[in-house]
Amino acid sequence: MGNGGQMALLTTILFLLSFVALFRTGRQLAETTLISAYWWSVVAMAIWGGVYLLDVQLTRLEHPIAETCWYVTVLFALTPLVAVLGARRPGVGAWNWFVVVPLLAVFGLFAVTNWRLEGMSAPIKVPAPLLAGLGVVMAMGLGNYLPTRYFVTVCLMGLAMLLVLLPVSTFVELSHSQSRLIRLAATSLLCGSVLFGAWASRMVRTIECPISRLWNDYWDSFGLIWAIRLSERFNAKANEEQWPWRLGALGLEPFPPREGKDAEEFDRPTPAEEAAMMRNIRWMIQRFVSDCWVERHLPMQTVNEDADKSSQTVRHR
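Not measured: the values here are computed from a predicted model. (Residues numbered from 1 in each chain as written. Predicted model: local features only at pLDDT ≥ 70, side-chain atom pairs only at ≥ 80, totals over all residues. Heavy atoms only, no water.)

1. Focus on the overall build of the protein chain
Here comes step 1: Counting its secondary structure elements, the protein chain contains 13 helices and two strands.
Here comes step 2: For the protein chain, the accessible area works out to roughly 16600 Å², and carbon and sulfur atoms hold 65% of it. (Helix = DSSP H or I, 4+ residues; strand = E, 2+ residues; numbered from the N terminus. Areas by Shrake-Rupley, 256 points an atom, 1.4 Å probe, with all protein chains shown as cover.)

See below:
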């Protein structure tokens, strides 16, 4: 077995490990509206694995058919990123049917048209305008997670998709063997992306303020776009209730900003302020996550305090 064969075998093992890691993350996402994006990820991963096995590992696909299959693979790899952008109750189901599926149809129509006009023996070459459209979708989906703990994950994923698209673009002419080597590298990057993402999802932030902890975990899970919308609503409510706190990039921040001794004195909200703001943020994110998800992402001290309050209420009754 040559170096290329050893690399392909190693990538196959990594891919199997990545698929297992991806499958296990389903338990974490079952309590959120991201579960639909998760199932799109499983489908995309299965398609990627099937095409990789037939084209790179077994070399069973002819060059024109392989090019088309890899193009479709990238389309499915984009679906989880787009699904996240509509992951809010009650419209998450409609988003999948009226945005994600039509997205596949629009970009996939080019492959169908190419087959009908040129035949299955003609290699697919994606024109620059269509690549630009794919680039916009990639930028929105990947950019949503750049300012999160999944920065490395989305960078590796984006590079993997770009490498897969390179042989089908009109910018370069590559042989089938060269294309296979590029896609072997792309699959290795995808495996690294999934494995790093699975590891990052288990990181526990050491943030004492429960609201900041919950906010940061929500930001990491749903990305920048949903985080901005939530912070805008929270800060509008804070202004209405005249709370001296606002949600910023790192969590709760004093408003107006304080310096020196004032900053040390007001480094955390009072118990009454914290309780009111916690009720508000929990009410806002209930369209995205369950109560169980919230409890799991709060510091244990806060969960124990809530449990004590509940037990005292029961005894009082």
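2. Comments concerning helix α3 (residues 35-57)
Here comes step 1: Helix length check: α3 (23 residues) gives 31 Å between terminal C-alpha atoms against 33 Å at 1.5 Å per residue, within 8%.
Here comes step 2: Note on α3: the residue one or two positions beyond its end, T59, has a positive phi of about 50°. (Expected span 1.5 Å × (residues − 1).)

3. Some details on the pattern of salt bridges
Pairing between side chains of opposite charge can happen when their charged atoms approach one another.
Here comes step 1: This model, assessed by the stated rule, comprises nine salt bridges.
Here comes step 2: Measuring nitrogen to oxygen at the nearest pair gives 2.8 Å for the salt bridge that ties R149 to D220. In this pair, R149 sits in the loop between α6 (128-143) and α7 (151-165) while D220 sits in helix α9 (residues 210-241), placing the two residues 71 residues apart along the sequence.
Here comes step 3: Between K237 and E240 there is a salt bridge, with the nearest N and O atoms lying 4.0 Å from each other. Residue K237 and its partner E240 are both found in helix α9; the two are separated by three residues, about one turn of the helix.
Here comes step 4: Through salt bridges with shared partners, one network takes in R149, R213, D217 and D220. (Salt bridge = Lys/Arg side-chain N within 4 Å of Asp/Glu carboxyl O.)

4. Side note on unusual backbone geometry
Working note: non-glycine residues mostly have negative phi, and peptide bonds are mostly trans.
Here comes step 1: The linkage connecting R89 with the following residue, P90, adopts the cis geometry, with an omega of 0°.
Here comes step 2: Structurally, P90 can be placed in the loop between α4 (63-84) and α5 (92-118).
Here comes step 3: We note that Q242 has phi near 60°; this positive angle belongs to a residue other than glycine.
Here comes step 4: You can see Q242 is positioned in the loop between α9 and β1 (245-248).
Here comes step 5: Judged by relative accessible area, which is 70%, Q242 ranks as exposed. (Buried < 20%, exposed > 50% of the residue type's maximum accessible area, 1.4 Å probe, protein only.)

5. As for the side chain of E273
Here comes step 1: Locating E273 in the fold gives a position in helix α11 (residues 271-285).
Here comes step 2: Here E273 falls in the buried class, since its relative accessible area comes to 19%.

6. Let's talk about the packing of α4 against α6
Here comes step 1: Contact geometry of α4 with α6 gives a least axis separation of 9 Å together with a crossing angle of 35°. The hand of the α4/α6 crossing is left-handed. Two secondary-structure elements touch here, α4 through Y71, L75, L78, L81 and V82 and α6 through L130, L134, V137, M138, G141 and L142.
Here comes step 2: Taken together, the residues that form the contact of α4 with α6 break down as 10 nonpolar, one polar and no charged. (Axes fitted to C-alpha atoms, helices over the stretch in contact; angles between N-to-C directions. Left-handed = near helix turned anticlockwise from the far one by under 90°. Contact = heavy atoms within 4.5 Å. Nonpolar A, V, L, I, M, F, W, Y, C, P; charged D, E, K, R; others polar.)

7. As for the side chain of S193
Here comes step 1: Residue placement: S193 occurs in helix α8 (residues 176-200).
Here comes step 2: Here T153 takes part through its backbone oxygen, which lies 2.8 Å from a polar atom of the side chain of S193.
Here comes step 3: When neighbours within four sequence positions are excluded, S193 is seen to be in contact with T153, L156 and M157. (Polar contact = N/O pair within 3.5 Å; in protein donor to acceptor, adjacent residues only side chain to side chain.)

8. Some details on α4
Here comes step 1: Taking 1.5 Å per residue, 22 residues should reach 32 Å; α4 reaches 34 Å between its end C-alpha atoms and fits that length.
Here comes step 2: The buried fraction of α4 amounts to 17 of the 22 residues, a majority that puts the element mostly inside the structure.

9. Comments concerning the confidence of the model for the protein chain
Here comes step 1: Residues at a pLDDT of 70 or more form 90% of the protein chain, whose mean pLDDT is 87.
Here comes step 2: Mean pLDDT across the elements of the protein chain ranges from a minimum in helix α13 (residues 300-316), with 44, to a maximum in α7, with 97.
Here comes step 3: Ignoring residues within four places in sequence, the model shows residues 302-317, a span with pLDDT below 50, making four contacts including any to other chains. (pLDDT = per-residue confidence, 0-100.)

10. Remarks on a nonpolar patch on the surface
Here comes step 1: Residues L9, I13, L17 and L195 make up a contiguous nonpolar surface patch of roughly 320 Å² in combined accessible area.
Here comes step 2: Considering each element in turn, the nonpolar patch owes the most residues, three residues, to helix α1 (residues 3-24). (Patch = residues over 30% accessible without salt bridge, like charges linked within 9 Å, V, L, I, M, F, W, Y side chains within 5 Å.)

11. Notes on the environment of P167
Here comes step 1: Topologically, P167 is positioned in the loop between α7 and α8.
Here comes step 2: In sequence terms P167 and I124 are 43 residues apart; their C-alpha atoms lie 9.4 Å from each other.
Here comes step 3: Residues contacting P167, with those up to four places away along its chain left out, are E67, K125, L174, S179, I182 and R183.

12. Details of the packing of aromatic side chains
Here comes step 1: Tallying each qualifying case throughout the model produces 11 aromatic pairs.
Here comes step 2: Plain terms: the ring middles of W215 and W219 are 5.5 Å apart, the flat faces sit at 70° to each other, and that makes the pair edge-to-face. Taken together, the positions of W215 and W219, both in helix α9 and four residues apart, correspond to about one turn of that helix.
Here comes step 3: Accessibility expressed as a relative area gives 1% for W215, which makes it buried.
Here comes step 4: Ring centres of W226 and F288 lie 5.1 Å apart, and the angle between their planes is 70°; this geometry places the pair in the edge-to-face category. Residue W226 is located in helix α9, and its partner F288 is located in the loop between α11 and α12 (291-296); the two are separated by 62 residues in the primary sequence. F288 shares its class with W226; the two are buried.
Here comes step 5: Among the aromatic residues, those joined into a ring-pair cluster are Y218, F222, W226 and F288.
Here comes step 6: If you follow R246 out to its NZ or CZ, it ends over the ring of F255, 4.1 Å from the centre. (Phe/Tyr/Trp six-rings, centres within 6.5 Å; stacked < 30°, edge-to-face > 60°. Lys NZ or Arg CZ within 6 Å of the ring centre and 35° of its normal.)

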